[in-house]
Amino acid sequence: QVQLVESGGGWVQAGGSLRLSCAGSGRTFSSYAMGWFRQAPGKERESVATISESGGRTYYKASVRGRFPISRDNAKNTVYLQLNSLKPEDTAVYYCAAGPIALLTPAPYASWGPGTQVTVSS
């Protein structure tokens, strides 16, 4: 399995931006599909965006499409989530995860980072 650590979370006003990073360990990072997920207090964990192993395919939750582009740099073992035009309802802990296939569901993802908090104030 790959070890993952997220960074880049924080507090921002509505309309602002943040860039989340997820660094992976090991030489097999490029063999994993990667996903970003989030969980708000009292709610279930939901998918936000996923990206295929090569980065050629990306998938998005409808409410973030066009605002949260996902990308990856396999040379740096890192996947990114750019958070633009943030809204208070985007407030959550954001997690990255590695899995065998880029699906918008947490089920296939076996390796997870500890998460990073994103708080958006109105």
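Residues numbered from 1 in each chain as written. Predicted model: local features only at pLDDT ≥ 70, side-chain atom pairs only at ≥ 80, totals over all residues. Heavy atoms only, no water.

So, on to the overall build of the protein. When helices and strands are counted, the protein shows 0 helices and 11 strands. Helices (α) and strands (β) of the protein occur, in sequence order from the N terminus, as β-β-β-β-β-β-β-β-β-β-β. The C-alpha radius of gyration computed for the protein amounts to 13 Å, which stays within 12% of the reference 14 Å derived for 122 residues, consistent with globular compactness. Projected onto its principal axes, the C-alpha coordinates of the protein cover approximately 40 × 25 × 25 Å. Taking all 122 residues of the protein together, the buried fraction comes to 44%. At a minimum sequence separation of 6, the contacts of the protein that also span at least 24 residues come to 58%. (Helix = DSSP H or I, 4+ residues; strand = E, 2+ residues; numbered from the N terminus. Rg over C-alpha atoms; globule rule 2.2 N^0.38 Å. Buried < 20%, exposed > 50% of the residue type's maximum accessible area, 1.4 Å probe, protein only. Contact = heavy atoms within 4.5 Å.)

So, on to the pattern of salt bridges. Tallied over the full model, the rule gives 4 salt bridges. Arg38 serves as the salt-bridge partner of Asp90, at 3.0 Å between the closest nitrogen and oxygen. Taken together, the residues span a long stretch of sequence, with Asp90 in the loop between β8 (78-83) and β9 (92-99) and Arg38 in strand β4 (residues 33-39) at a distance of 52 residues. Among the residues examined, Asp90 registers a relative accessible area of 1% and is labelled buried. Using a relative accessible area of 6% as the deciding quantity, one classes Arg38 as buried. One connected set of salt bridges, linked through shared partners, spans Arg38, Glu46, Lys61, Arg67 and Asp90. (Salt bridge = Lys/Arg side-chain N within 4 Å of Asp/Glu carboxyl O.)

In total, this model carries 1 disulfide according to the counting rule given. Between the sulfur of Cys22 and that of Cys96 lies a disulfide, 1.9 Å long from S to S. Every disulfide takes its handedness from the sign of the S-S torsion; for Cys22 and Cys96 that torsion is 55 degrees, giving right-handed. Taken together, the positions of Cys22 in strand β3 (residues 18-24) and Cys96 in strand β9 put the pair 74 residues apart, joining distant regions of the chain. Just as Cys22 is buried, Cys96 falls in that class too. (Disulfide = S-S within 2.5 Å.)

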